[in-house]
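Geometric and topological summary
Letter by letter, the chains look like this.
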Amino acid sequence: MRPNEKGFALVELAVGVAIVALIGSATATAIFQVITVSERSDDHMTAVQQVQNAGYWVSHDAQIAEGIFTDDLGSPNFLVLTWTEHDYSGGDSTYHSVTYFFDDLSSGVGELKRNHWSSAGADQNTLIAKYIYYDPADPDSTSKASYQSPVLTVKLTTLSGEVSESREYRVVHRPNFN
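Conventions adopted
Residues numbered from 1 in each chain as written. Predicted model: local features only at pLDDT ≥ 70, side-chain atom pairs only at ≥ 80, totals over all residues. Heavy atoms only, no water. Helix = DSSP H or I, 4+ residues; strand = E, 2+ residues; numbered from the N terminus. Rg over C-alpha atoms; globule rule 2.2 N^0.38 Å. Buried < 20%, exposed > 50% of the residue type's maximum accessible area, 1.4 Å probe, protein only. Core = buried A, V, L, I, M, F, W, Y, C linked by side-chain atoms within 4.5 Å. Contact = heavy atoms within 4.5 Å. Phe/Tyr/Trp six-rings, centres within 6.5 Å; stacked < 30°, edge-to-face > 60°.

So, the overall build of the chain
Looking only at helices and strands, one finds one helix and eight strands in the chain. Counting from the amino terminus, helix and strand elements in the chain follow one another as α-β-β-β-β-β-β-β-β. Relative to the globule expectation of 16 Å for 178 residues, the C-alpha radius of gyration of the chain, 28 Å, shows a markedly less compact shape. Principal axes of the C-alpha set define a box for the chain whose edges measure 110 × 35 × 25 Å.

A word on the environment of Asn53
Looking at the element boundaries, Asn53 is found in helix H1 (residues 10-64). Of the residues examined, Asn53 reaches a relative accessible area of 31% and is grouped as partly exposed. Taking the C-alpha atoms as reference points, Asn53 and Ile128, separated by 75 residues in sequence, lie 6.7 Å from one another.

Some remarks on the nonpolar core
Phe78, Leu79, Tyr100, Leu112 and Leu156 are the most contacted members of the largest nonpolar core, which has 24 residues in total. Contributing elements (two or more residues each) for this core: H1, strand S2 (77-85), strand S3 (94-106), strand S5 (123-133), strand S7 (151-160) and strand S8 (163-172). Excluding residues within four positions of it along the chain, Phe78 makes contact with Thr70, Leu73, Tyr100, Phe101, Phe102, Leu112, Ser143, Lys144, Ala145, Val154, Lys155 and Leu156.

What about the packing of aromatic side chains?
Summed over all chains, the structure comprises four aromatic pairs. Relative to Trp57, the ring of Tyr56 has its centre 5.8 Å away and its plane inclined at 80°; by these criteria the two rings are edge-to-face. Ring centres of Phe78 and Tyr134 lie 6.4 Å apart, and the angle between their planes is 80°; on these two criteria the pair is classed as edge-to-face. Separated by 56 residues along the polypeptide, Phe78 in strand S2 and Tyr134 in the loop between S5 and strand S6 (144-148) bring together distant segments of the chain. Neither residue differs from the other here; Phe78 and Tyr134 are each classed as buried. Within the aromatic cluster, the residues linked to one another by ring pairs are Phe78, Phe102 and Tyr134.

So this is what it looks like as structure tokens:
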């Protein structure tokens, strides 16, 4: 700009607009990345928490189980564990059965629930984990259980958003000294 002129030259104005556009574009990209990474991180944390919670419950019950059943259970049942709680003071023994089953499956993703029944009167369903992936047509990725005495192997897979998390648990149940 010349000393006696007021305003900006067209070139100066174009350069200023280009700089502002670059800064705006970089800011928008950064905000988009933060939001996307945050959503993916939340999905990952949810998937990990759900698979760990399911693994905890299955491991806990399998360690005390006397009977472990994984084959030919029929849908939606996933795993059945049984044990006897002995009353050594002369009372009646209490028989327990825990059935893990899938509920609300939609496109292979649903909830893993636990039904605990006992001869003492317990009969309750508990939500163990959400977003559990179960699709028998996908044997490599699906949640599954198998038992080769004394080891129960349970693979659990969760799908939360676009994130998948799998864990395999190998549980050796405690010896029963009767």
